[in-house]
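Spelled out from the first residue to the last, the chains are:
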Amino acid sequence: MRGRVPVHQGQHPGGSMFTLGQSSGAENMTLTVNNMPAHNHPATATSASTSALAPGGTATSTLKAVNSDADIKTAAGNSLANAKGLNSAYSASAPNVSMSPASIETTLDGLNIVTTTSTNVDVGVAGGSQPFSVMQPYTVVNCIIAWNGVYPSRP
């Protein structure tokens with residue numbers, strides 16, 4: 001019997017037919033991709049982008065002012081103007097107030113920015129191709145079990 005279990009001949013309740021002397025089953029079996037159920041794995045993506053400006057591109061900023069006789073004495077929140085009562089339109093001091101964002105207009109021309117992105121995706125590994133038990137080995141035999149005494153009797 002060496003590593004096998006005895007099975008009586010006949011039809012198994014699941015529908016299999018066992019004939020006398022038949023041997024089958026395996027102690028281990030290797031799981032393959034076809035045996036595995038459909039499943040998903042987490043993927044990790046890492047991207048790196050670089051951008052380059054084509055030669056010949058230009059950026060032009062223009063300081064805009066209001067051409068009016070407005071009588072506003074502070075620059076905070078306002079545009080540079082030809083206002084009444086100012087002694088000088090310029091100062092040697094460092095700027096210390098924010099003017100209106102509409103005071104500066106920037107025009108970009110012919111920049112032609114080229115961006116290259118490289119993405120690497122790593123997908124987790126599934127399974128280790130390790131054997132797993134499916135059905136214990138068996139051999140079909142006729143078995144005689146003595147409930148009482150010794151059968152067959154010994155002379």
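Now for a description of the structure that goes with this document. Along each chain, the written sequence defines residue order, and numbers are assigned to residues from 1. It should be noted that, the model being predicted, local features are given only for residues of pLDDT at least 70 and side-chain atom pairs only at 80 or more, the latter also being counted only at that level, while totals for whole chains, interfaces and linings use all residues. Based on all heavy atoms of the structure, the side-chain values leave hydrogens and waters out of the count.

**Comments concerning the overall build of the chain**
The way it works is that DSSP assigns letters per residue, a run of H or I at least four long becomes a helix, a run of E at least two long becomes a strand, and they are numbered from the N terminus. Counting secondary structure elements, the chain contains 0 helices and 13 strands. For the chain, the α and β elements follow one another from N to C terminus as β-β-β-β-β-β-β-β-β-β-β-β-β. Here the term buried applies to any residue with accessible area under 20% of the maximum for its type, exposed to any over 50%, and partly exposed to those in between, with areas from a 1.4 Å probe on protein chains only. Burial analysis of the chain (155 residues in total) assigns 6% to the buried set. Note on definitions: a residue-residue contact is assigned when non-hydrogen atoms from the two residues lie within 4.5 Å. Of all intrachain contacts in the chain linking residues separated by at least 6 positions in sequence, the fraction that spans at least 24 positions is 75%. Residue burial considers only the protein chains on display, and all accessible areas are found by Shrake-Rupley using a 1.4 Å probe. Looking at the chain as shown, the accessible area adds up to about 12900 Å², and 54% of this sits on carbon and sulfur atoms.

**Some thoughts on the environment of Gly 110**
Residue placement: Gly 110 occurs in the loop between strand 10 (104-109) and strand 11 (113-123). For Gly 110, a relative accessible area of 48% translates into the label partly exposed. What Gly 110 contacts, discounting residues up to four positions off in sequence, is Gly 56 and Gly 57.

**Quick word on the pairing of strand 7 (residues 58-63)**
Of all 6 residues making up strand 7, only 0 are buried, and the element is barely covered by its neighbours. By this definition, two strands are paired if DSSP reports at least two bridges between them. Pairing between strand 7 and strand 10: 6 bridges, direction antiparallel. When the bridges of strand 10 are listed, Thr 62 appears paired with Glu 105.

**Considerations on the environment of Ser 24**
In this structure, Ser 24 sits in strand 4 (residues 23-26). Judged by its relative accessible area of 32%, Ser 24 falls in the partly exposed class. Sequence-wise, Ser 24 and Thr 139 are 115 residues apart; in three dimensions their C-alpha atoms are separated by 6.8 Å. When near neighbours in sequence (up to four residues on either side) are disregarded, Ser 24 contacts Arg 4, Pro 137 and Tyr 138.

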